[in-house]
2 protein chains.
Amino acid sequence: MKEFVVAILGATGAVGREMMKVLEERNFPVSKLIPLASARSAGMKIPFKGGEVEVQAITEESFKGVDIVLGASPNKVAQQYADAIVKAGCVFIDNSSAFRMDPNVPLVVPEINPEDAYKHNGIISNPNCSTIITLVAINAINKLSEIVTVVASTYQATSGAGANGPKELAQEVKDIEAGNPVHPETFQYQIAYNLIPHIGSFLDNGYTTEEMKMQNEGRKIMHLPNLKVNCTCVRVPVFRSHSISVTLVTKEHLTIDAVKSAIANEKGCRLVDDPANKVYPMPLDTSDQDLVWVGRIREDLINPNGITLFCCGDQVRKGAATNAIQIAELFVK
Amino acid sequence: MKEFVVAILGATGAVGREMMKVLEERNFPVSKLIPLASARSAGMKIPFKGGEVEVQAITEESFKGVDIVLGASPNKVAQQYADAIVKAGCVFIDNSSAFRMDPNVPLVVPEINPEDAYKHNGIISNPNCSTIITLVAINAINKLSEIVTVVASTYQATSGAGANGPKELAQEVKDIEAGNPVHPETFQYQIAYNLIPHIGSFLDNGYTTEEMKMQNEGRKIMHLPNLKVNCTCVRVPVFRSHSISVTLVTKEHLTIDAVKSAIANEKGCRLVDDPANKVYPMPLDTSDQDLVWVGRIREDLINPNGITLFCCGDQVRKGAATNAIQIAELFVK
């Protein structure tokens, strides 16, 4: 089997580190792993496959001889090095939002639109975390009957803000316990014991950039150019998994049994729906694994073609690192 | 001014205690306050208006000479004593859900349907907490144009489960910090750093009793028998205020400016909506006060007559104690 030289752009962040863990776990055929980060992290050693790899400072020359670059950096860094990566002949699987809506860049969830990945021109974008989790949860329904509208309210974990998010939540809990004031830096306000209905930047239409991703990226990934999505994104004091309350409408009426059965058989999903026995998805249960858990599936009380559900998934894994490596795996086969 | 003999049924719980605080704060004309509770709490002293009142064990005889009984007890206790209360000639303002849907019992939010209170036959019900907060937030919109549908996802504080809810959250945080296992009793599972999409009991249609209250009670309070509400209730690790993400559709198209202006002028509401300056409702800010804060108001991206918003309110106060005392105040005037 062919082996690949893999570089990770932004290897020292939460997603970059998880990418290394997932590469190892899934036994991705890596001949050489090159962790790249800013100059200040150069020389840092990161454990990988029983040994250690040394972080290198990113330069335009970093990508020679590399097959796959996994991007786990902010937009600015992705934009700065994209040309060098593509010119070096690598496939750049980028977790930033910089290129997601570029018509020349496929935006891929392997369970949904793997075929798009092969049309790349050097860059493949990894979608937004809440979008990935929501779309994996509803993809089986879309196969039964086209989804027309989605109303989504998110419950997003602190991990979505990078490694500093969960740290800030933990520190605030300690500060409050000690009777000390809290010092929000990563989030706009105290997140411990609070909710913040503000993720991303506000646009003229009153939605945030994060909220619009669900519609914009959803349309592109599902090949549903007319899909309408109304999303409200809320940060919650949870460490790692994102949850989404979804009410969607399909073109035709579907029975709840058909929907449950389709979700149970859908790749990437786990049907967790036995309310009588207190079985439903919860973020605490979905951390550190790759499936999107789907439950609380029931008929909408408004639209006869509507379905309501609640889903949870690990934001760092399926919402970021695992999805990127699943894209890379499309090129192994 | 007439003064009233007021008894509190269930005076030692979170809502009962808050009722005493609110009676005092609002300077309700109380000639005598009688805190009633189970025999095991009898003799307990509770501070009131600079002095102390002694808890009495509830009996069928407790209500003689009482004008107003404020109910802060579970359904069973409310049902057990309702007849005795009504026979004694009291007005029973009951926070339990026992009588809310009884056609002979008004269900009242004073900002919305005060006129219903005067049609009572001895019992007036205080609505569900999330329902009160949501309805106060959207009532101004309903006055501009009739609301046809509501999709609501709640973010409900631990206080909704009574005094033991916030205690369990605080204890779990301590246990986790100390590396000890948690022992959920009040909630189905660990609530610290988690979400539980299960409040109330599950019905045959897959919704919980709590979720159906928003439609059933909403119809009765707003006099909208055809209102359709799709609600998902989720417990969140917040101590006290409930938050609700709402997408509603009205009969006619409304401009966002008209909606904001109506909410700003609505009794019981506070418009908190300046996203550019990070101004939006958050549960931490709305605790220990009586207004429902409304923000993130924007056009729905699905329905041209749709509005989306986020609201927060103190569950123990406006969601329970304050609303009950506001009902009592209707009889003072």
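Small disclaimer: the values here were computed from a predicted structure and weren't measured.

Evaluated as defined, the whole model comprises 15 aromatic pairs over all chains. Aromatic side chains Tyr189(A) and Tyr280(B) sit 6.0 Å apart centroid to centroid with 90 degrees between the ring planes, which places their arrangement in the edge-to-face category. Residue Tyr189(A) is found in the loop between helix H5 (164–177) and helix H6 (209–222), and its partner Tyr280(B) is found in the loop between strand E12 (269–271) and helix H8 (283–286); the two belong to separate chains. According to the relative accessible area criterion, Tyr280(B) is buried, its value standing at 3%. Within the aromatic cluster, the residues linked to one another by ring pairs are Tyr155(A), Phe310(A), Tyr155(B) and Phe310(B). It is Lys2(A) that lies over the ring of Phe4(A); its NZ or CZ is 4.7 Å from the centre. Stacked on the ring of Tyr207(B), the Lys or Arg Arg298(A) has its end atom at 4.3 Å from the ring centre.

With that out of the way, let us pick up the environment of His120(B). Residue and element names in this part refer to chain B. Here His120 lies in the loop between helix H3 (114–117) and strand E8 (123–125). With 16 residues separating them in the primary sequence, His120 and Asn104 have C-alpha atoms 7.2 Å apart. Side-chain polar atoms of His120 contact the backbone nitrogen of Gly122, separated by 2.8 Å.

What follows covers the sheet that holds strand E10 (residues 228–232) of chain A. All names here are of chain A. The sheet built from 6 strands is open, its strands ordered E10-E9-E11-E14-E13-E12 with mixed pairing. Looking at strand neighbours, the two that pair on one side only are E10 and strand E12 (269–271), the edges of this open sheet. Direction aside, neighbouring strands of the sheet carry axes that sit 25 degrees apart on average. Sheet contacts for helix H4 (residues 129–144): strand E9 (147–155), strand E11 (241–250), E12, strand E13 (292–299) and strand E14 (306–314); angle to E11, the most-contacted strand, approximately 40 degrees. Taken strand by strand, helix H7 (residues 256–264) contacts E12, E13 and E14, and its axis lies near 175 degrees from that of E13.

Here the focus is the interface of chain B and chain A. The interface of chain B with chain A comprises 57 residues on the first partner and 57 residues on the second. For the pair chain B and chain A, the two sides together bury roughly 4900 Å², of which 64% comes from carbon and sulfur. Among the residues chain B hides against chain A, the three largest losses belong to Tyr193(B), Leu301(B) and Ile302(B). Together they make up 15% of the total. In this structure, the connection of chain B to chain A is made through 4 salt bridges. With a shortest N-O distance of 2.7 Å, Glu211(A) and Arg296(B) are connected by a salt bridge. Connecting chain B to chain A are 26 residue pairs in polar contact (both at pLDDT 80 or more). Only strand E9 (147–155), helix H5 (164–177), helix H6 (209–222), strand E10 (228–232), strand E11 (241–250), H8, strand E13 (292–299) and strand E14 (306–314) of chain B provide two or more residues apiece to the side of chain B that touches chain A.

Next up on the list: the relation of the copies chain B and chain A. When chain B is brought onto chain A, the operation consists of a screw motion whose angular component is 180 degrees and whose axial shift is 0.0 Å, with 0.0 Å RMSD remaining. Interpreted geometrically, this transformation is the action of a two-fold axis. Taken as a fraction of all interface residues of chain B, those also at the interface in chain A reach 100%, which identifies the copy contact as same-surface.

Residues and elements named next belong to chain A. Per the stated rule, a full pass over the model turns up 41 salt bridges over all chains. Asp116 serves as the salt-bridge partner of Lys119, at 3.2 Å between the closest nitrogen and oxygen. We classify Asp116 as buried; its relative accessible area is 9%. The partner of Lys260 in a salt bridge is Asp273, with the nearest N and O atoms 3.9 Å apart. Residue Lys260 is found in helix H7, and its partner Asp273 is found in the loop between E12 and helix H8 (283–286); the two are separated by 13 residues along the sequence. Since its relative accessible area comes to 15%, Asp273 is described here as buried. Each of the salt bridges in this network shares a partner with another, and the network as a whole consists of Glu18, Lys21, Glu25, Arg26, Arg240, Asp288, Asp290, Asp314, Arg317 and Glu329.

The rules behind the values
- Residues numbered from 1 in each chain as written.
- Chains lettered and ligands numbered in written order.
- Predicted model: local features only at pLDDT ≥ 70, side-chain atom pairs only at ≥ 80, totals over all residues.
- Heavy atoms only, no water.
- Phe/Tyr/Trp six-rings, centres within 6.5 Å; stacked < 30°, edge-to-face > 60°.
- Helix = DSSP H or I, 4+ residues; strand = E, 2+ residues; numbered from the N terminus.
- Buried < 20%, exposed > 50% of the residue type's maximum accessible area, 1.4 Å probe, protein only.
- Lys NZ or Arg CZ within 6 Å of the ring centre and 35° of its normal.
- Polar contact = N/O pair within 3.5 Å; in protein donor to acceptor, adjacent residues only side chain to side chain.
- Pairing = 2+ DSSP bridges.
- Axes fitted to C-alpha atoms, helices over the stretch in contact; angles between N-to-C directions.
- Contact = heavy atoms within 4.5 Å.
- Buried area = accessible area lost by both parts, 1.4 Å probe.
- Salt bridge = Lys/Arg side-chain N within 4 Å of Asp/Glu carboxyl O.
- Least-squares fit on C-alpha atoms with pLDDT ≥ 70 in both.

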